[in-house]
Amino acid sequence: MSAEKITAESRTEFGKGAARRIRRADKVPAVVYGHGNDPIHITLPGHETMMALKHGGANALLELSIDGKAQLALTKQIQVDAITRHLEHIDFVVVRKGEKVTVEVPVHLNGTAAKETLVVTGTTTIQLEAEATHIPEYVEVDIEGLEAGTQIHASDLTLPSGSVLLLDPETLIVNITEAPTTEEIEAELAEAEAEAGIEREETDEEKAAEDEAAEGEGDEKSADADEA
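Residues numbered from 1 in each chain as written. Predicted model: local features only at pLDDT ≥ 70, side-chain atom pairs only at ≥ 80, totals over all residues. Heavy atoms only, no water.

## Examining a negative patch on the surface
This is how the line gets drawn: Note that patches include only residues with greater than 30% relative accessible area and no salt bridge, and the join distances are 9 Å for like charges and 5 Å for nonpolar side chains (Val, Leu, Ile, Met, Phe, Trp, Tyr). Reported accessibility uses the Shrake-Rupley method at a 1.4 Å probe radius. Residues are deemed covered only where the shown protein chains occlude them. Any Lys or Arg side-chain nitrogen found within 4 Å of a carboxyl oxygen on Asp or Glu counts as a salt bridge. A residue counts as positive if it is Lys or Arg and as negative if it is Asp or Glu; His and the chain ends are not included. Charge coordinates come from a single atom per side chain, which is NZ of Lys, CZ of Arg, CG of Asp or CD of Glu. Elements are defined by DSSP. Helices are runs of H or I of four residues or more, strands are runs of E of two residues or more, and each kind is numbered from the N terminus.
Among the surface-exposed residues, Glu116, Glu178, Glu183, Glu184, Glu186, Glu188, Glu191 and Glu195 lie close enough to one another that they form a single negatively charged patch. Counting residues per element, the negative patch draws most heavily on helix α3 (residues 182-195), which supplies six residues. Note on placement: Glu191 falls in helix α3.

## Re the nonpolar core
Under the convention used in this document: For this analysis, a nonpolar core means a set of buried residues of the types Ala, Val, Leu, Ile, Met, Phe, Trp, Tyr and Cys, connected via side-chain atoms within 4.5 Å. Burial classes follow relative accessibility: with a 1.4 Å probe on protein chains only, a residue under 20% of its type's maximum area counts as buried, one over 50% as exposed, and anything between as partly exposed. Whether two residues touch is decided by their heavy atoms; if any such pair falls within 4.5 Å, the residues are in contact.
Ranked by internal contacts, the top residues of the largest apolar core, which has 25 residues, are Leu74, Val95, Val141 and Ile173. Among the secondary structure elements, those contributing two or more residues to this core are β5 (69-80), β7 (100-110), β9 (125-131), β10 (139-142) and β13 (172-178). Per element, the largest residue contribution to this core is four residues, and it comes from β7. Residues in contact with Val95, not counting those within four places in the same chain, are His35, Leu61, Gln71, Leu72, Ala73, Leu74, Val101 and Ala132.

## Brief notes about the environment of Leu61
You can see Leu61 is positioned in strand β4 (residues 61-66). Residue class for Leu61 comes out buried when judged on its relative accessible area of 1%. Along the chain, Leu61 and Lys76 lie 15 residues apart, while their C-alpha atoms are 9.8 Å from each other.

## Focus on the side chain of Thr49
Within the fold, Thr49 resides in helix α2 (residues 46-56). A relative accessible area of 0% means that Thr49 is categorised as buried. Excluding its chain neighbours within four sequence positions, the residues that come into contact with Thr49 are Ile6, Leu44, Leu87 and Ile90.

## With respect to the sheet that holds strand β8 (residues 117-121)
Heads up, the condition is: Two strands make a pair as long as DSSP finds a minimum of two bridges between them. Simply put, an axis is a line fit to the C-alpha atoms, just over the touching stretch for a helix, and the angle between two N-to-C directions goes from 0 to 180 degrees.
Strands sit in the order β8-β13-β11 across an open sheet of three strands; the sheet is antiparallel. Both edges of this open sheet fall to β8 and β11 (151-153), since each of them pairs with a single strand only. If you compare each strand with its neighbour and ignore which way they point, the axes differ by 10 degrees on average.

## Concerning the environment of His89
Heads up, the condition is: In the analysis that follows, any N or O atom pair within 3.5 Å is treated as a polar contact, provided that within protein one partner can donate a hydrogen and the other can accept it, and provided that, for residues neighboring in sequence, both atoms belong to side chains.
Looking at the secondary structure, you find His89 in strand β6 (residues 87-94). In the structure, His89 is positioned 66 residues away from Arg23 in sequence and 9.4 Å away in space, judged by C-alpha atoms. Once residues within four sequence positions are removed from consideration, His89 is found in contact with Arg11, Val28, Pro29, Ala30, Val31, Gln77, Ile78 and Gln79. Side chain to side chain, His89 and Asp91 meet in a polar contact 3.2 Å long.

## Thoughts on the pairing of β13
Taken together, the five bridges between β8 and β13 define a ladder with antiparallel strand orientation. Its bridge partner lying in β13, Thr117 is registered against Glu178.

What follows is the structure, encoded as structure tokens:
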């Protein structure tokens, strides 16, 4: 993973009011900490930073230019506005080339399992130790054509060179099962609704079937009465 270069500005104003002014200027307040140094409070260009985070993923590595000095920083926490999706604040940790760091890396499924199967994901991220400048964006799992009954555990994963798994090898990553039938799905839904005390409305098909059954019973009674 190469580091995106971004020029940062030191900031001395803090608090909600200062943060709002920074965001109105299409900038993002952030803090850089680690290696025993005092936290460095900075301001980053909004659009440029958002693009760098999209490109780098959950563990984006940035080369921040702070007061003319370059500093490698690994993204640790991102706060995003729930409505506007604008960046609210970012926490970075200082890293050095060659340094090992612990990160959570997403699991990406590649391909399509065999027909009439259901793919169940046991975990969407795995914990790795990797060099700060070589953190994988994701770990790929190939499920193309896999049959029901196949299980993929953490020990089955192919990790990028230099990455070390920090997860129980027996952790279930993907489980391929037989897809449930329509009848099984409806039965489970009906059972769940009954447990929740939900009265289910009859469908048009069910009403038509009941009406047909009722007509059949009426015809049988009429036939019995004629015979009598």
